[in-house]
Amino acid sequence: MRPLRAFISFLVGDPRADRVVPPSGVAAHLTTFAAAAMAFLAVFALALSLSAGRLAERWSSALAQSSTVRISAPDDQRAAQTQAVLDILAETPGVESARALSDAEQRALLAPWFGADLPVETLPIPQLIEVVETQAGYDAEGLRLRLRAEAPGAILDDHTRWRRPLVRAADRLRSLGWTSILLITLTTGAMITLAANAALAANAQVIAVLRLVGARDTYIARAFVRRFTLRSLTGAAIGTALGMLAVWALPSAETASSFLTGLGFSGASWLLPLTIPPLAAIVAFWATRAASFRALKEVR
Amino acid sequence: MIELNDVGYSYGGDALLTDVSLNLSPGSFHFLTGPSGAGKTTLLKLCYLELQATRGEVVAFGRPARQLSRDGVARMRRRVGIVHQDCRFLDHLPLVENVALPLSVSGQPDHADSTEMRELLAWVGLKHRATALPPELSGGERQRAALARALIMSPDVILADEPTGNLDWEMSLRLLTLLVELNRMGKAVLIATHDLALIRQAKTQLAARVLRIRDRTLQVAGAEL
Ligand SMILES: Nc1ncnc2c1ncn2[C@@H]1O[C@H](COP(=O)(O)OP(=O)(O)O)[C@@H](O)[C@H]1O
Ligand SMILES: [Mg+2]
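Residues numbered from 1 in each chain as written. Chains lettered and ligands numbered in written order. Predicted model: local features only at pLDDT ≥ 70, side-chain atom pairs only at ≥ 80, totals over all residues. Heavy atoms only, no water.

- Per an unreviewed UniProt entry, chain B goes by Cell division transport system ATP-binding protein and derives from Tranquillimonas rosea.

- Identification of chain A as Cell division transport system permease protein from Tranquillimonas rosea is taken from an unreviewed UniProt entry.
- Check the Subcellular location (unreviewed entry) section of the UniProt entry for chain A; it says "Cell membrane". (UniProt positions renumbered as here; feature names shortened; annotations may be inferred.)

Here it is in structure tokens:
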């Protein structure tokens, strides 16, 4: 709790104390602007991370579902090939389970197209086998070769497997987003340190006078810290608001799966960017405080 | 209240001061003279702890300076009125706030408007300049403002570095009279000055010790004044 108490005691206290440090026009606006720009970027990085996370989740759950093996064979071989395929699948590493769909299930699948009373038995409709993969997945090429050898009528349809690299990409994108947020935080800290150092150097004379008349270090540091903290808070609030507005205004197509149109926040995650301004204030607080005490060491 | 025991100081090269001993006890009144560059300002800085003695020991209000924390130094300075040689101010604040600065930084910010403040400004002849910014002031006005700032906390010790350098004789005498008065109230006063006339004038009013920096150390100057 000590850091929190230091934080609060630095921000409250006599507001008139700020007046001992001259207002510093351009540098002040630059700090506000930099905080705003960084917050704006942070909103996008956050949106990127969250969207990539959602996407990866959706795609990987689609993956966990099945691929199918289709068997088109003359009636007399159909049962044999089906059994052969099931046997192969049973011993294929990476296959969790495999199951031949019953006629009723196949009819249900086709019903949307041909109506419910389709006489499946009399049509040359391929037998479908649903294959559920393990997390690791199976070797599709190897499986295809074996199927071709032992059940010539079987075709492996792994239409969802092409997404596997996309899921990896989405995962990577998510960690890139978080890395960006970390980098933005560090950069904000660095920029505020530079700005604070410049302000402290420009006010070396002021600091010397204050020490001469008996000001304690905390009194002097507070004037700088409060100023930079408030500037960063203001800037970050503006940047966050603009960033959220920009994300909100992104054209949103159907939720389908397009990555670009999926960029944004949903539901409660709209609250997350609201943590950016306080975070910026905390970063500014500690950066300026450290810079102030470093500079004060130079003056007795 | 401030004691220097066999203090030596060097800015890095040869020693500027050696074996300086001085006791600013309550009610003492010292003048410090010596040619320009002799180390008068340096000696005062040792007294208010802006510089740390490279030899010997400085004791401020019973505490060895070396043992004081930075906050300890700040508290010590609230009991010491300092008139800096080049009268440093906060140039963006009006004179009255500069004079009240020691009060502000010690958490008593509401005195800028008090009667004491107005009396003090009137006494140093700056009442009509209260809202002027320091860069708008003449050298003499700055010096008087610096004096007012040094006195606002009614300090136990007053250290003044060439306080009459820019003052006319009449103003110098008023300043001297005030310092003599404060001294009679028990405050220790140390004035670094070239102004021999001022020293002579002071000696007609009280028993001031006149010290001189010669050969890098402190001597008592006597008869020739
Ligand atoms: N910060 C400093 N660094 C190096 N030398 C200094 C510094 N300040 C003063 N000096 C030197 O120390 C000597 C004494 O200076 P000072 O105490 O100001 O003398 P005075 O006040 O008697 O004129 C001078 O030679 C001056 O050049
Ligand atoms: Mg000098």
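1. Re the environment of Glu162 of chain B
Residues and elements named next belong to chain B.
Right, so step 1: Within the secondary structure, Glu162 is located in the loop between strand 7 (157–161) and helix 7 (169–184).
Right, so step 2: For the pair Glu162 and His84, spaced 78 residues apart in sequence, the C-alpha separation works out to 8.2 Å.
Right, so step 3: Ignoring sequence-local partners within four residues, the contact set of Glu162 consists of Lys40, Gln85, Gln143, Ala192 and His194. (Helix = DSSP H or I, 4+ residues; strand = E, 2+ residues; numbered from the N terminus. Contact = heavy atoms within 4.5 Å.)

2. Remarks on the sheet that holds strand 10 (residues 217–220) of chain B
Residues and elements named next belong to chain B.
Right, so step 1: If you walk across this open sheet you meet the six strands as 6-7-8-3-9-10, and the pairing is mixed. Looking at strand neighbours, the two that pair on one side only are strand 6 (80–83) and strand 10, the edges of this open sheet. Between one strand axis and the next, the sheet turns by 20 degrees as a mean value, whatever way the strands run. (Pairing = 2+ DSSP bridges. Axes fitted to C-alpha atoms, helices over the stretch in contact; angles between N-to-C directions.)

3. With respect to the coordination of the magnesium ion (ligand 2)
All names here are of chain B.
Right, so step 1: Surrounding the magnesium ion (ligand 2) are the protein donor atoms Thr41 (OG1) and Gln85 (OE1), at 1.9 to 2.4 Å. Taken together, the residues Thr41 in helix 1 (residues 40–47) and Gln85 in the loop between strand 6 and helix 3 (95–99) connect sequence positions 44 residues apart.
Right, so step 2: Judged by its relative accessible area of 36%, Gln85 falls in the partly exposed class. (Donors = N, O, S within 2.8 Å, 3.2 Å for Na, K, Ca; no water. Buried < 20%, exposed > 50% of the residue type's maximum accessible area, 1.4 Å probe, protein only.)

4. A closer look at the interface of chain A and chain B
Right, so step 1: Taken together, the contacts link 24 residues of chain A with 28 residues of chain B.
Right, so step 2: Counting the surface lost from both chain A and chain B, the interface buries some 2300 Å², and carbon and sulfur atoms represent 53% of this.
Right, so step 3: Of all residues in chain A, Leu212, Val213 and Arg300 of chain A bury the most surface against chain B, accounting for 36% of the area lost on that side.
Right, so step 4: Our enumeration of links across chain A and chain B arrives at three salt bridges.
Right, so step 5: Of the charged contacts, one joins Arg19 of chain A and Glu97 of chain B as a salt bridge, the two residues approaching to 2.5 Å between their closest N and O atoms.
Right, so step 6: The tally of links from chain A across to chain B stands at twelve residue pairs in polar contact (both at pLDDT 80 or more).
Right, so step 7: For the side of chain A that touches chain B, the element with the most residues is helix 7 (residues 204–212) of chain A, which contributes seven residues.
Right, so step 8: Each residue belonging to the side of chain A that touches chain B can be placed in one class, and the counts come to 14 nonpolar, two polar and eight charged. (Buried area = accessible area lost by both parts, 1.4 Å probe. Salt bridge = Lys/Arg side-chain N within 4 Å of Asp/Glu carboxyl O. Polar contact = N/O pair within 3.5 Å; in protein donor to acceptor, adjacent residues only side chain to side chain. Nonpolar A, V, L, I, M, F, W, Y, C, P; charged D, E, K, R; others polar.)

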